Structure formats: C-alpha cells, structure tokens
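# Analysis of the macromolecular model
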Amino acid sequence: AAGVIQSPRHLIKEKRETATLKCYPIPRHDTVYWYQQGPGQDPQFLISFYEKMQSDKGSIPDRFSAQQFSDYHSELNMSSLELGDSALYFCASSLAGTPLYNEQFFGPGTRLTVL
Amino acid sequence: DQQVKQNSPSLSVQEGRISILNCDYTNSMFDYFLWYKKYPAEGPTFLISISSIKDKNEDGRFTVFLNKSAKHLSLHIVPSQPGDSAVYFCAAKRGGATNKLIFGTGTLLAVQP
C-alpha cells in the first residue's frame, strides 16, 4: 500500500538560509500534519491542514509557514534557519470523516541539518 | 510540561517473553491513545490504538490496556520477537476539533534472542 512520501530525505543548509520540505499524503487522505523531532526528543506537533485550510497550530516558529495544495500535498517553508532547527521533520496524514481519522500515518521524515 | 510520560527510557526482554511498556498522562481531556513503533532514521509506524470508552484493545501479539482512573495505559507484546526491538512512543489526542498528537518520550525496547 502507498505510504506518506516526504522529500527530500536529507537536507543540509547554512544558517539564515531557507528550506522547503514537501509531503505527499497517502492517496485520498485529506488531512496533513507536520511534526518536529529534535535529537533525543519526542515528536512535537507543528501544524496541520484539512482540505487546504489550517486546522490546528502548535509550536511552530513565525519563521516557518506551511500550506496544503489542491492535490492534498503539503509544503513546510522554513526561513532564516537557525542551528536549533536541525531536527527530523515528519509529515503524517489521515482521512477525515472516518473511524480511522484518529490514526495518523507517518512518512519517513526529512532530516534537516543547519550548519 | 510533559502531558504524556513514559517513565522507562529502556526495557530489555528475552525473546518469547512478554514486553510491557507503560505510559502515564495528566490531561483528563485526552480521549484517544495510540502506540507507535520507531526505528532509527524512519518515521513512526502505527501499531495499535484505543478509545477512552474502552479499557482493552487487542491486535495479534499487541494488546493495549487503558486505566482511565489512573490515567495509565500499557502496551503488551507477547511473545516478544527480536524484530520488535525499537523505540515505542505512546501518543494521545484530546477530544474536540484538534487532532494533534501529544507524544511521550519513548521507551527503547531491546528483545534479546
């Protein structure tokens, strides 16, 4: 079965640069979530989208923005990168309006390293 | 403020025996709980979940127990297999419009052959 796809898998950037992470949800899933996992930490919720609208917001810095497109894929845009932004960024998806909505399926993650 | 806690950072079990991973939470508004398994450099893989209206859910070798009065849940894996060795995260979500998951700190399970 098709899973959540994230690209790129690895990204190295310099401080103050920008980065764009992409997420392609499981086919027909209409809700996308972004999580950040720092070294040795648990995943922290950043933001989510349902039907192209922001549905929830967590601890996402103002330097970050995200959107969901009509094909349900999502992009996380990160500007003025800082060393502390180095982390694994996970995207997850689920299908609203079904008993499975509560179950989020995660992608493999993008490892961002800021030098 | 860690709302979901896994107090055992690591657990070692012999192959074929039972693995019991524990999770405690503080927010009584949580109404759905999930367990994820994570290998290094991979995303969390969904294992099993339970609604707050139930006290047990079973799927093959995996059983999750929920004790709402104690705000405690546990994941039982029996029999444990070496391939089960991974980090296990407990996660919870609140009722209502939000669907974001609050994760615990994880427990590293090592199943010894």
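Below: a short report on this structure. Predicted, not measured: the structure shown is a model, and the values here were computed from it.

## Observations concerning the sheet that holds strand β8 (residues 74-78) of chain A
All names here are of chain A. A sheet is described by the order of its strands in space; here 4 strands give the open sequence β1-β3-β8-β7, paired in antiparallel fashion. In this open sheet, the two strands that pair with only one neighbour each are β1 (5-7) and β7 (64-68). The sheet shows a mean angle of 15° between the axes of neighbouring strands, taken without regard to direction. Both β1 and strand β3 (residues 19-24) contribute to a ladder of 3 bridges, which runs antiparallel. Looking at β3, one finds that glutamine 6 is bridged to cysteine 23.

## A closer look at the state of the cysteines
Tallied over the full model, the rule gives 2 disulfides over all chains. With its sulfur 1.7 Å from that of its partner, Cys23(A) forms a disulfide with Cys91(A). With the S-S bond torsion at -55°, the cross-link from Cys23(A) to Cys91(A) turns out left-handed. Of the two residues, Cys23(A) sits in strand β3 while Cys91(A) sits in strand β9 (residues 87-94), which places them 68 residues apart along the sequence. Judged by relative accessible area, Cys91(A) falls into the buried class, the value being 0%. Note on cysteine connectivity: Cys23(B) is disulfide-linked to Cys90(B), with sulfurs 2.1 Å apart. Residues Cys23(B) and Cys90(B) share a disulfide whose torsion about the S-S bond is about -70°; that sign makes it left-handed. Of this pair, Cys23(B) sits in strand β3 (residues 19-25) while Cys90(B) sits in strand β9 (residues 86-94), and the two are 67 residues apart along the sequence. Exposure class is identical for Cys23(B) and Cys90(B). Each is buried.

Cut-offs and rules
- Residues numbered from 1 in each chain as written.
- Chains lettered and ligands numbered in written order.
- Predicted model: local features only at pLDDT ≥ 70, side-chain atom pairs only at ≥ 80, totals over all residues.
- Heavy atoms only, no water.
- Pairing = 2+ DSSP bridges.
- Helix = DSSP H or I, 4+ residues; strand = E, 2+ residues; numbered from the N terminus.
- Axes fitted to C-alpha atoms, helices over the stretch in contact; angles between N-to-C directions.
- Disulfide = S-S within 2.5 Å.
- Buried < 20%, exposed > 50% of the residue type's maximum accessible area, 1.4 Å probe, protein only.

The values are spatial; any link to function lies outside them.
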